[in-house]
Amino acid sequence: MSDAIKAATLEYATRLGDDSVVLGHRISEWVSYGPFLEEDIAYGNVALDYIGRARMFYTYAAELANDGRTEDDFAYMRSDREYRNLLLMEMPKGDFAYSQVRQLFADVYYTLVLPELLQSKDETLSAIAAKGIKETKYHLRRSRDWVLRLGDGTEESHKRTQKAVDALWGYTHEMFDMDETEQMLADAGIAVDVSKLRTAWHKMVSDILTEATLTVPEDGWAVRGGRTGYHTENLGHMLTEMQIVHRSHPGCQW
Amino acid sequence: MNEISLMPEEQYRRLQQRNAAEVKELWDLLDQVKDPEVPVLSIWDLGILRDVERDGDRILVTITPTYSGCPAMNTITDDVIAALKANGYDDVEVKTKLSPAWSSEWMSPEGRRKLRNYGIAPPEDAELDEDGLTPDAHAQCPHCGSRNTRRISEFGSTACKALFQCNDCNEPFDYFKKI
Ligand SMILES: [Zn+2]
């Protein structure tokens, strides 16, 4: 592996780890607040899948960095400006409809991204994708079912779900941006060229929203910045909570 | 010529690997290490134990996670080291290997039986739906054997299980998902 490819792969693994840990943490905020027991457990399970995925990406990033850092340093010792996650993942959990719509957007995204990442020439990235593919099938079935049920439900649930779709839509464009780093890796057969997945994502999401009697928003506005470390104010608050124990007790083992 | 095997290919390969191993006694020893979440199954039964090698005094054990977020992996690593230490092997390294991804096909036949006796329906006790996912009904009840059952929750007490209830004996039960 050339130094340039190695540095880019480290950056890429960190980005993917950041997406997973931030979304995993947001999902975990529902634990003990679910609408009923089974749903509460489902949230815990899905959160665990994402946090597990983050651990694998970070472990690989630490291996590439080879500077003594561990997966924990990546998760707990970086500030919001150093995080590279997509903004969609860091939005606060909102109400139940908001979280399920965000989950649908993410689940459809991973349904498209992971099979591509499986083809990566980088063996570790491919192996992490292989584990995520089956899990994502279950995630998508759940978020899809919920969006159908809420969209095509009562007047109140429909209203809230449409509001969530409209509020989150502008954060989805960033998911399909490529920058120099990812383009170089995509050309080398390592990273996924996400710009090519946009049409398929739009089609899958539109079909589900339409079936749920919801309106697919126009592409009127877009917020970007996650991949360059420019986040919404929400991430800082989230990381404060996520990192406080680790930072208060450096090196603690139990 | 088509051979009809009674055992899925993956299980057969694992068994061959164990039987052909130079350190067969270490495979037997590690077959005593239980999965902390399903304590009737050993890490061999579950297919988590992937390889055991000896290099001089050094023992290298390779394990694989069932699910990405399987929280049991750290405990399993500690238990493997403790089991080997208790038998005089002090120089042990446990490596986690992700590829190829774990499949419920790797579970041993004894593992499937043990699971059923423990009250958990093993993966093959349900016909998957057209998407290859857990169906919403008809997993076989491990208590009374009825197929008249329904899924209560896709996500059970751990990531690897879904929750069902039997319509005949009314007992709820876990189904070990096929992945
Ligand atoms: Zn029964």
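Please read these numbers as outputs of a predicted model, since none were measured by experiment.

Conventions we followed
Residues numbered from 1 in each chain as written. Chains lettered and ligands numbered in written order. Predicted model: local features only at pLDDT ≥ 70, side-chain atom pairs only at ≥ 80, totals over all residues. Heavy atoms only, no water. Domains from an automatic or database assignment. Contact = heavy atoms within 4.5 Å. Buried area = accessible area lost by both parts, 1.4 Å probe. Salt bridge = Lys/Arg side-chain N within 4 Å of Asp/Glu carboxyl O. Pairing = 2+ DSSP bridges. Helix = DSSP H or I, 4+ residues; strand = E, 2+ residues; numbered from the N terminus.

### Looking at the domain arrangement of chain B
Often, the extent of an interface is quoted as the loss of accessible area upon association of its parts.
Residue and element names in this part refer to chain B.
Next, step 1: Looking at chain B, the domain boundaries give domain 1 (9–106) and domain 2 (120–176).
Next, step 2: Distance from the C-alpha centre of domain 1 to the C-alpha centre of domain 2: 28 Å.
Next, step 3: Contact residues are listed per partner, giving six residues for domain 1 and seven residues for domain 2.
Next, step 4: Interface area lost by domain 1 to domain 2 is led by Glu-37, Val-38 and Tyr-67, which between them contribute 65%.
Next, step 5: Our count for the domain 1 to domain 2 interface comes out at zero salt bridges.

### Considerations on the pairing of strand S2 (residues 58–63) of chain B
Residues and elements named next belong to chain B.
Next, step 1: Across six bridges, the pairing between strand S1 (residues 49–55) and S2 is antiparallel. Its bridge partner being in S2, Arg-54 is matched across the sheet by Ile-59.
Next, step 2: Taking the residues between adjacent antiparallel strands as the criterion, S1 and S2 are bridged by two residues, where Gly-56 takes a positive phi near 65°.
Next, step 3: Bridging between S2 and strand S3 (residues 92–96) involves five bridges; their strand directions are parallel. If you follow Val-61 over to S3, its bridge partner there is Val-94.

### A few points about unusual backbone geometry
Next, step 1: Cis peptide bonds are those with omega within 30 degrees of zero, and the linkage from B:Ser99 to B:Pro100 qualifies with -5°.
Next, step 2: Mapped onto the fold, B:Pro100 is located in the loop between S3 and helix H5 (109–118).
Next, step 3: Positive phi, normally seen in glycine, also occurs at A:Ser32, with a value near 80°.
Next, step 4: Look at A:Thr213: it is not a glycine, yet its phi comes out positive at around 60°.
Next, step 5: Looking at where A:Thr213 falls in the secondary structure, it is placed in the loop between helix H9 (198–211) and helix H10 (233–248).

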